[in-house]
Amino acid sequence: MGTEIIRYYENYTPVADITVIATCIVFVILIYNAYINKNKSFLYLRFIIGSLAISAIFDLLYHIAMNYVGGINNLLIYLPRAAYHIGLFTVMWLYVLYTKEVMGLDKKAGRPYFYAAAVAWIAIVGYETVGTYLHFGFYIDENLNVHRGFPIFPVGYIYYVVLIAVMVFLNRSKFIKQVIISMAETVGVSIAIMGIQQLHNQSSFTTVTFLFPIYALLYHIHSSPYDVETGSVSEHAFFDFVELAKLKEEEYYFLSMYMHDFEGKGRKYPRTIQRAVRYFSTRFFKSATLFQISGGHMILVVNINKNPGYKEKSQWMLDEFLTVYPQYRIDYKIVFFGMDKRIEDGIDYINFVRFIHDSIPQNTIVRADKNDVDRYMRNKYIVFELEDIIKKNDLNDPRVLVYCQPVYNIRTGKFDTAEALMRMQLPAMGMIYPDVFIPIAEKKDYISMLTKIILSKTCRAIKELMEKGYNVKRISVNFSVYDMRADDFCETVEAIIGSSGVPFDKVAIELTESQNEQDFELIKTRISELKGSGIKFYLDDFGTGYSNFERIMELPFDIVKFDRSLVMASGNDERYRTMVSNLARMFREVHYSVLYEGIENEEDEKRCIEMSAKYLQGYKYSKPIPIERLTDYFEKIG
Ligand code: C2E
Ligand code: CA
Ligand code: CA
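Chemist: Report on the coordination of the calcium ion (ligand 3), specifying residues and quantitative values.
Modeler: Around the calcium ion (ligand 3), the protein contributes the donor atoms Asp540 (OD), Asp541 (OD), Glu597 (OE) and Glu597 (OE), at 2.1 to 2.5 Å from the metal centre. Site description for the calcium ion (ligand 3): donor spacing in sequence, D-D-x55-E. Separating the calcium ion (ligand 3) from the calcium ion (ligand 2) is a distance of 3.8 Å, and Asp540 supplies a donor atom to each of them. Taken together, the residues Asp540 in strand 14 (residues 536–542) and Glu597 in strand 16 (residues 593–597) connect sequence positions 57 residues apart. As far as burial versus exposure is concerned, Asp540 and Glu597 are alike and both buried.

Chemist: Could you give an account of the coordination of the calcium ion (ligand 2), with specific residues and numbers?
Modeler: For the calcium ion (ligand 2), the full set of protein donor atoms is Glu419 (OE), Asn478 (OD1), Glu510 (OE) and Asp540 (OD), and the range of their distances to it is 2.2 to 2.3 Å. Expressed as a motif, the donor residue spacing for the calcium ion (ligand 2) is E-x58-N-x31-E-x29-D. Note on Glu510: relative accessible area 1%, which makes it buried.

Chemist: Any chance you could break down the environment of Arg378 for me, citing the residues and the numbers?
Modeler: Counting through the fold element by element, Arg378 comes out in helix 14 (residues 370–392). Under the relative-accessibility criterion, Arg378 is labelled partly exposed at 42%. Residues Arg378 and Ala428, spaced 50 residues apart in sequence, show a C-alpha to C-alpha distance of 9.5 Å.

Chemist: Give me the lowdown on the sheet that holds strand 5 (residues 289–294), citing residues and values where you can.
Modeler: What holds strands together in a sheet is hydrogen bonding between their backbones, with the strands either parallel or antiparallel. In space, the six strands of this open sheet follow the order 3-5-6-4-7-8, with mixed pairing throughout. Of all strands in the sheet, those bounded by a partner on one side alone are strand 3 (233–234) and strand 8 (364–367). As judged from the six bridges shared by strand 4 (residues 252–258) and strand 7 (residues 333–338), these two strands associate in the antiparallel manner. Looking across to strand 7, one finds that Phe254 is bridged to Phe337.

Chemist: Let's hear about the side chain of Asp540: which residues, and what values?
Modeler: Among buried charged residues, Asp540 stands out as having no salt bridge; its nearest opposite-charge side chain is Lys561, 4.5 Å away. When sequence neighbours within four positions are dropped, the list of residues in contact with Asp540 reads Glu419, Asn478, Glu510, Leu511, Thr512, Glu513, Lys561 and Glu597.

Chemist: Which residues make up empty space enclosed by the protein, and what values do they have?
Modeler: Tallied over the full model, the rule gives one cavity of 30 Å³ or more. What the largest cavity holds in volume is close to 370 Å³. Around the largest cavity, the lining comprises 22 residues; the ones closest to its centre are Met257, Val277, Phe280, Met317 and Phe321. Contributions of two or more residues to the lining of the largest cavity are made by strand 4, helix 11 (271–283), strand 6 (297–303), helix 12 (310–324) and strand 7. With five residues, helix 11 is the largest single contributor of residues to the lining of the largest cavity. By residue class, the composition of the lining of the largest cavity is 20 nonpolar, two polar and no charged.

Chemist: If you had to explain the domain arrangement of the chain to someone new, which residues and values would you point to?
Modeler: Under the domain assignment used here, the chain contains domain 1 (3–220), domain 2 (232–368) and domain 3 (380–632). Between the C-alpha centres of domain 2 and domain 3 there is a distance of 43 Å.

Chemist: Tell me about a nonpolar patch on the surface, and name the residues and values.
Modeler: A grouping of Ile158, Val162, Val166, Phe169 and Leu170 is seen on the molecular surface, where their side chains present a nonpolar patch of about 480 Å² in accessible area. Here Ile158 lies in helix 6 (residues 152–170).

Chemist: Quick rundown of helix 11? Include the residues and the values.
Modeler: For helix 11, which comprises 13 residues, the first-to-last C-alpha distance of 18 Å matches the rise-based estimate of 18 Å (1.5 Å per residue) to within 8%. Those residues of helix 11 that sit buried are Ile273, Gln274, Ala276, Val277, Phe280 and Ser281. The buried residues of helix 11 all sit within an arc of 165° when viewed along its axis, so they share a single face. In helix 11, the exposed positions that point more than 90 degrees away from the buried face belong to Arg271, Arg275 and Thr282.

Chemist: Please provide a residue-by-residue account of the pattern of salt bridges, values included.
Modeler: What the rule picks out here adds up to 34 salt bridges. When the shortest N-O distance is used, the salt bridge between Arg399 and Glu385 registers 2.7 Å. Here Arg399, found in the loop between helix 14 and strand 9 (400–409), pairs with Glu385, found in helix 14; they are 14 residues apart in sequence, far enough to count as distant. Each member of the pair, Arg399 together with Glu385, is buried. Here Glu589 ties to Arg585 by a salt bridge, and the two come within 3.4 Å at their closest N and O atoms. In this pair, Glu589 and Arg585 are both assigned in helix 22 (residues 574–589), four residues apart and thus about one turn of the helix distant. Judged by its relative accessible area of 35%, Arg585 falls in the partly exposed class.

Chemist: Give me the lowdown on the pairing of strand 12 (residues 474–478), citing residues and values where you can.
Modeler: Each regular strand displays side chains that alternate between the two surfaces of the sheet. Most of strand 12 sits inside the fold, with four of its five residues counted as buried. In this sheet, strand 12 lies alongside strand 10 (residues 414–426) in parallel orientation, the contact comprising four bridges. For Ala420, the partnering residue across the bridge sits in strand 12 and is Val477. By the bridge criterion, four bridges tie strand 12 to strand 13 (residues 507–512) in an arrangement that is parallel. Of the residues in strand 13, the one forming a bridge with Ile475 is Val507.

Chemist: Quick one: what's the story with the nonpolar core, residue by residue and with numbers?
Modeler: Core analysis: the largest hydrophobic core is formed by 77 residues, its most contacted members being Phe562 and Tyr596. With ten residues, helix 16 (residues 447–467) is the largest single contributor of residues to this core. Beyond its immediate chain neighbours, meaning those up to four positions away, Tyr596 contacts Phe562, Val567, Val580, Ala584, Cys608, Met611, Ala613, Tyr615, Leu616 and Gln617. Grouped together as the second largest cluster of nonpolar side chains are 68 residues, Cys24, Tyr62, Met194 and Phe210 included.

Chemist: Explain a negative patch on the surface residue by residue, including any values.
Modeler: A surface patch of like charges, here negative, comprises Asp487, Asp488, Glu491 and Glu494. Along the chain, Glu494 falls in helix 18 (residues 489–500). A relative accessible area of 31% means that Glu494 is categorised as partly exposed.

Conventions and cut-offs
Once a new chain begins, its residue numbering starts again from 1 and follows that chain's sequence as written. Note on labels: chains are lettered from A, ligands numbered from 1, in written order. Per-residue local features of the predicted model are confined to residues with pLDDT of at least 70, and side-chain atom pairs are confined, for both listing and counting, to 80 or more; whole-chain, interface and lining totals are unaffected and use all residues. Note that water and hydrogens are dropped before the side-chain values are worked out from all heavy atoms of the structure. Coordination partners: N, O, S within 2.8 Å of the metal, 3.2 Å for Na, K and Ca; water not considered, so apparent gaps in a site are possible. Where helices and strands are cited, they refer to DSSP runs of H or I of at least four residues and of E of at least two residues respectively, numbered from the N terminus. Here's how the labels work: a residue is buried when its accessible area is under 20% of the maximum for its type, exposed when over 50%, partly exposed in between, all with a 1.4 Å probe on protein chains only. At least two bridges found by DSSP between two strands are what make those strands a pair. His residues and chain termini do not enter the charge count, which takes Lys and Arg as positive and Asp and Glu as negative. Every case where a carboxyl oxygen of Asp or Glu lies within 4 Å of a side-chain nitrogen of Lys or Arg is listed as a salt bridge. Contact between two residues is taken to exist if any of their heavy atoms lie within 4.5 Å; hydrogens are not considered. Cavity means a closed set of points on a 1 Å grid over the protein atoms alone, one where a 1.4 Å probe fits but cannot get out, pocket means an open set with protein on both sides within 12 Å along at least 5 of 7 lines, and lining means a residue has an atom within 4 Å of a point. Grid points are joined across faces, edges and corners, and a volume is the space filled by probe spheres set on the points. When residue character is reported, Ala, Val, Leu, Ile, Met, Phe, Trp, Tyr, Cys and Pro are called nonpolar, Asp, Glu, Lys and Arg charged, and the others, Gly included, polar. Reported domain spans reflect what an automatic or database domain assignment gives. Surface patches are defined over residues having more than 30% relative accessible area and no salt bridge, joining like charges when they lie within 9 Å and nonpolar side chains (Val, Leu, Ile, Met, Phe, Trp, Tyr) when within 5 Å. Every accessible area reported is derived by Shrake-Rupley at a probe size of 1.4 Å, with residue values counting cover from the shown protein chains alone. In this scheme, a helix's expected span is set at 1.5 Å multiplied by one less than its residue total. Comment: arc refers to directions from the helix axis out to C-beta atoms. To qualify as a nonpolar core, a set must consist of buried Ala, Val, Leu, Ile, Met, Phe, Trp, Tyr and Cys residues joined through side-chain atoms within 4.5 Å. Where a charge lies is defined by one atom per residue type, namely NZ (Lys), CZ (Arg), CG (Asp) and CD (Glu).

What follows is the structure in structure tokens.
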């Protein structure tokens, strides 16, 4: 009698629990000091470590109590024992939540697992506590005999292991295979340890088995090695960092440094730069983290609460940087910015910085503010809509509008041609103009879809005007050099015009000059390929680039559009006037028609007529109007 308690204690060794407690302390030290990928799942991992340490402490206390107070005060046994078991099953529950989070299951997909884990937790904890209280579970009787009741502990343990295994199996496509394999093997080791200790009637190592998955997770998912040379961590760490910062509503200040020379793989910083990076990232702020976003892009993240004077400090940092900078002779772009609720995540922050980079020259420093975020958000929205336009692939897309500017024909004294000008009508922004969206569309390669839409809509409008009896000589459409680069350029253009039923000579294409030799050759080929069909070609914006008369003569354009800047210059300066007038005459003599753009008043009109003009276009006649309203300008003949 009473021997069972003694035997129980003899089979217990505190070594295991002490190991667990010590290991948890080591984890805490690592987490605090090393950079670890701290995303949302990491929060669970922290709770797992905490709960496990608490369980191990109570397991120790429970066994000590068994030894010293068994029979004297059983409550001192029951309480730590309950806490020990509650702690371990809380760990199990947290493992389920962790798995749910790390697999990225959404609310709906995660719900069954959440309930399966919660119900089991309540059942197990309920059985343990009520069972002890009502003496159908674990309790010690007056004779100091230990009654165990139903072996709820191993059953619960297996239940959770199976639950997590099922969860991982059913969603295995959502997760990295290597991690699943190594987790399975790790859990295998845990189960083996459980088996071995069972054979020896032991229970000391139970808590130890809960440690192994933590090792595996820290290693596989949360480890983020430092670049030993600069002391930075990776781009992915940055994504996780931002996610957690948003979740915890912590405020950070970002100092971004971009050096184009080091962009692209395989470029290592020279020693001097490595040293400078280490110096600048550690010298000025308390516990700032340096992220290496790409070869030439680093972002230093500063916790605002820990660095109340961060604004002045960042200025000191800049001052010092500018004094040492000349020795490195490397181009840079520096952007400082705070957090902004509208920026969603790490990728969004990086896109924001890149957006700023695109709008500033080399060797500039900017402190980005709300207005920059506004601009970025608008840009992002336009990209979003453009992507949708590409996806829908609808030549009738209502977001792309065709405006038109009628062109005055001097010989006939009538408006019989026009230029199609694109506008976009976006739900959240209203009407936007080409100077805003064309650069975005060209940069992201969305322009060709827009061109197809505007060409198709223009053809349809020409057809309608002709059917209503209007005299439409032709309408020109602006094309970008990106359009010309497509291999199927000619087929596409011919297919769109052909299927509209409009004669090919009713359509013209406006192109601007290109400095680039390849593009020049390309334009030459494209024009000769399409000319045969009757399509006319305009050289747009003559006088704005490095216009080279001889080269232009190599291209079989029909009409040369003199840019508004030449019209203005010829009005202000006699020498310009002579030059423009001679150029126009030369073009006319070699059978190019001359069109002047940007005619705003009678003076412009008169002067340009004297300077060999055939066509005039500008606000004097009309601002751009919706294409249907060309009926107000074109002559009705039928
Ligand atoms: P652009 O081809 O040189 O078009 C002429 C621009 O000058 C038009 O601006 C027009 O509104 C403006 N303009 C016309 N008359 C006057 C005037 O008397 N005074 C002044 N100050 N300006 C005048 P918009 O419509 O904003 O277009 C700007 C540019 O966007 C165009 O310049 C063209 O390069 C581009 N763009 C427009 N539509 C398209 C398109 O469908 N595709 C492509 N690739 N580019 C387009
Ligand atoms: Ca144009
Ligand atoms: Ca133009």
